[in-house]
Amino acid sequence: MLLTGGATYSGNVLNIHSVHKEDRGTYYCVADNGVSRGDRRNVNLEVEFAPVVTVPRPRVEQALQYDMDLECHIEAYPPPAIRWLKDSVQLSSNQHYQLSQFATADEFTDSTLRVITAEKRQYGEYICQATNKLGDAEGRVEFTESVIPVCPPACGQARYGGGASAISVSSVLMAVATVLTMVVIAQYVKRA
């Protein structure tokens, strides 16, 4: 919809006063004098604006020794620099954290900070900060401890115990299935 209130505007000049980010997009100029099928040109309008950060889950929890994803969504143009902070320290991908970014469109970016094998010192407040030449914005995520593992992402790689003696969920299920099979066979043999 055009600022003039309709889907079309007649005239050879379209003035957009006080441009907003919602005005971005493709505008089509169509010339038609009724003699032929007319001609059409398009103009792509890019609007630069400061970042807007939203946090879908401002409070997340996870049990010790399990992974958890902290997320923020950023809308900005030009694309912003994005960083995650904890206790005023910028985080980077390492054995404790994995950072990833995915641009869903020119103006939209999703950023995820995965806390790997959560430890007590990793609980607390995290800040997702986005900056471009027009300004900056931030979103906050509070990461707290839970008693029970939260799925996902824990279910995909759930482990019970610790260190080298950890037993995976699939190993436990395999052992239970084997025992049940043995019980059924024993009962069948006993009846026969």
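Residues numbered from 1 in each chain as written. Predicted model: local features only at pLDDT ≥ 70, side-chain atom pairs only at ≥ 80, totals over all residues. Heavy atoms only, no water.

A.B. asks: What's the story with the overall build of the protein chain in this structure? I'm lost.
C.D. replies: Tallying secondary structure elements over the protein chain gives one helix and 13 strands in all. For the protein chain, the α and β elements follow one another from N to C terminus as β-β-β-β-β-β-β-β-β-β-β-β-β-α. The buried share of the protein chain, reckoned over its 192 residues, is 29%. Sequence-distant contacts in the protein chain: of pairs separated by 6 or more residues, those separated by 24 or more amount to 58%. In the form shown here, the protein chain has an accessible surface area of approximately 13100 Å², with 55% of it arising from carbon and sulfur atoms. (Helix = DSSP H or I, 4+ residues; strand = E, 2+ residues; numbered from the N terminus. Buried < 20%, exposed > 50% of the residue type's maximum accessible area, 1.4 Å probe, protein only. Contact = heavy atoms within 4.5 Å. Areas by Shrake-Rupley, 256 points an atom, 1.4 Å probe, with all protein chains shown as cover.)

A.B. asks: Honestly, the side chain of aspartate 23 in this entry has me stumped. Any pointers?
C.D. replies: Along the chain, aspartate 23 turns up in the segment before strand E1 (25–31). Nearest to the buried, unbridged aspartate 23 among oppositely charged side chains is arginine 24, at 8.8 Å. Within the structure, the side chain of aspartate 23 is placed 2.7 Å from the backbone nitrogen of histidine 20, a separation counted as a polar contact. (Lys, Arg positive; Asp, Glu negative; His and termini not counted. Salt bridge = Lys/Arg side-chain N within 4 Å of Asp/Glu carboxyl O. Polar contact = N/O pair within 3.5 Å; in protein donor to acceptor, adjacent residues only side chain to side chain.)

A.B. asks: How should I be thinking about the sheet that holds strand E11 (residues 135–145) in this particular structure?
C.D. replies: Strand pairing in a sheet is mediated by backbone hydrogen bonds. Such pairs are either parallel or antiparallel. Pairing within the open sheet is mixed, and its five strands lie in the order E4-E11-E10-E6-E7. Bordering the open sheet on either side are strand E4 (59–62) and strand E7 (89–90), each of which pairs with just one other strand. (Pairing = 2+ DSSP bridges.)

A.B. asks: What is the right way to read the nonpolar core from this model?
C.D. replies: Soluble globular proteins tend to pack their nonpolar side chains together in the buried interior. Within the largest apolar cluster, 22 residues are counted, with the highest numbers of intra-cluster contacts made by Leu70, Ile74, Trp84, Tyr126 and Phe143. Among the secondary structure elements, those contributing two or more residues to this core are strand E5 (68–77), strand E6 (81–86), strand E9 (108–115), strand E10 (124–132) and E11. Element by element, the count of residues in this core is highest for E5, at five residues. (Core = buried A, V, L, I, M, F, W, Y, C linked by side-chain atoms within 4.5 Å.)

A.B. asks: Can you walk me through the pairing of E11 in this structure?
C.D. replies: On any regular strand, side chains alternate: one points to one face of the sheet, the next to the other face. Of the strand pairs in this sheet, E4 and E11 are connected by four bridges, and their pairing is parallel. Directly across from glutamine 62, in E11, lies its bridge partner glutamate 145. In this sheet, E11 lies alongside E10 in antiparallel orientation, the contact comprising nine bridges. Within E11, the residue paired with isoleucine 127 across the bridge is arginine 140.

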